[in-house]
Amino acid sequence: MGDDAIIRVRGLRNCFGEQVVHENLDLDVRRGEILGVVGGSGTGKSVLMRSIIGLQTPAEGSVEVFGENMIGRDEHEAKRVRQRWGVLFQNGALFSTLTVAENVEVPIREYYPNIDQVLLDEIAAYKVAMSGLSAEAGPKYPSELSGGMKKRAGLARALALDPQLLFLDEPTAGLDPIGAAAFDDLIHALKGTMRLTVFLITHDLDTLHAICDRVAVLADRQVIAVGTIPELLALDHPWIQEYFNGPRGRAAADTVARAEAQMSKGKSGMTH
Ligand SMILES: Nc1ncnc2c1ncn2[C@@H]1O[C@H](COP(=O)(O)OP(=O)(O)OP(=O)(O)O)[C@@H](O)[C@H]1O
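Basis of the calculations
- Residues numbered from 1 in each chain as written.
- Predicted model: local features only at pLDDT ≥ 70, side-chain atom pairs only at ≥ 80, totals over all residues.
- Heavy atoms only, no water.
- Core = buried A, V, L, I, M, F, W, Y, C linked by side-chain atoms within 4.5 Å.
- Buried < 20%, exposed > 50% of the residue type's maximum accessible area, 1.4 Å probe, protein only.
- Helix = DSSP H or I, 4+ residues; strand = E, 2+ residues; numbered from the N terminus.
- Contact = heavy atoms within 4.5 Å.
- Near = heavy atom within 4 Å.
- Polar contact = N/O pair within 3.5 Å; in protein donor to acceptor, adjacent residues only side chain to side chain.
- Areas by Shrake-Rupley, 256 points an atom, 1.4 Å probe, with all protein chains shown as cover.
- Salt bridge = Lys/Arg side-chain N within 4 Å of Asp/Glu carboxyl O.
- Pairing = 2+ DSSP bridges.
- Axes fitted to C-alpha atoms, helices over the stretch in contact; angles between N-to-C directions.

(A) Summary view of the nonpolar core. Membership of the largest hydrophobic core comes to 32 residues, with the highest contact counts inside it found for L155, L208 and F244. Counting residues in hydrophobic clusters, the runner-up holds 27 residues, among them I6, I52, I53 and M70.

(B) Here's a closer look at the environment of A101. Position of A101 among the secondary structure elements: in helix α3 (residues 100–111). Along the sequence, A101 and D220 sit 119 residues apart, while their C-alpha atoms lie 42 Å from each other. If we skip the residues at most four places from it in the chain, A101 touches A124 and G138.

(C) Inspection of the site of the ligand at higher detail. In the region of the ligand, 13 residues are neighbours, and Q19, S41, K45, V47 and H203 sit closest. At 2.5 Å from an oxygen atom of the ligand is found a side-chain nitrogen or oxygen belonging to S41. Note that an oxygen atom of the ligand is positioned 3.0 Å from one of the backbone N or O atoms of G42. Surface burial for the ligand is 61%, taken as the share of its 640 Å² of free accessible area covered by protein chains. Sorting the residues of the shell around the ligand by element identifies β2 (19–30) and α1 (45–53) as the ones contributing at least two each.

(D) Structural view of the pattern of salt bridges. For the coordinates displayed, the defined rule picks out 13 salt bridges. Close ionic contact of R13 with E23 constitutes a salt bridge, the shortest N to O distance being 2.7 Å. Residue R13 is located in strand β1 (residues 5–16), and its partner E23 is located in strand β2; the two are separated by ten residues in the primary sequence. Across the pair E68 and R73 runs a salt bridge whose closest N-O atoms are separated by 3.1 Å. Taking relative accessible area as the criterion, E68 reaches 17% and is therefore assigned buried. The class for R73 is partly exposed, based on a relative accessible area of 26%. Three or more residues are tied together by salt bridges with common partners; here these are E68, R73, E77 and R80.

(E) Quick peek at the sheet that holds strand β5 (residues 68–69). Ordered in space as β2-β1-β4-β5, the four strands form an open sheet in which the pairing is antiparallel. Edge positions in the open sheet fall to β2 and β5, since each of these has one partner strand only. Note that β1 and strand β4 (residues 60–65) share five bridges and pair antiparallel. Bridge pairing links R10 to S62 in β4. Against the sheet, α1 touches β1, β2 and β4, its axis set at about 120° to β1.

On their own, these measurements won't tell you what the molecule is for.
What follows is the structure, encoded as structure tokens:
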């Protein structure tokens, strides 16, 4: 594996009965990047993520994470590698009978069963704060949280073991635009401070423009292209053109360009 590839997928095939979802799919995720994964509904973005994290056994192909083969691993070995990543599922997947803090403590207890409760509480409080939730959110149950707070609680749990790699499945789905932008900022900031690599499934064009270093496009059972948005725009593929160059795609690009222009205006204003 090339030094900078944290995830390497080769020749992946996934099928459910007669339905072939992936066929000969290849993908590299580079160290330190936020890779956005896009594609029409049902193109297999979640199935791809599940194949990488070991929740779906592919019919064919190889998956390497941190240079280690992930398919057919014995449970003990797989668990050792799993410790190095965190996952935020589409619906947050919080345990409804546990508080936010207790949810965050679940993976820590799993890996460190003898950990002292005081220390556990301190770590959970720290992760809750890192995820942008107030300390009052810790003792709350998921049913007492807004959609945005649930996402942050799920993120706090994903960060519980100080991962090097984060999987996010549609993290901004269902959030209002301001909440979504704040969540994007948080992911971007965490990437910087924790040196995270991020695999991010999204339909959110604003997220792609604002924080993704590269974007992988799923169509026709494969990753048909990977690159920066300008690189993808140079391709003559109808879905890519429609997606990034359609009205919503252009609006998202304009929003980011305006925000960047304002930031540089602010900066130059400060220096004069
Ligand atoms: N456990 C399963 N059993 C049978 N079919 C499945 C299963 N999981 C996924 N599929 C099918 O695989 C295809 C890809 O599903 P997947 O959830 O990966 O799509 P997606 O690209 O993430 O879609 P969306 O953007 O709508 O979330 C769909 O047709 C889905 O019905």
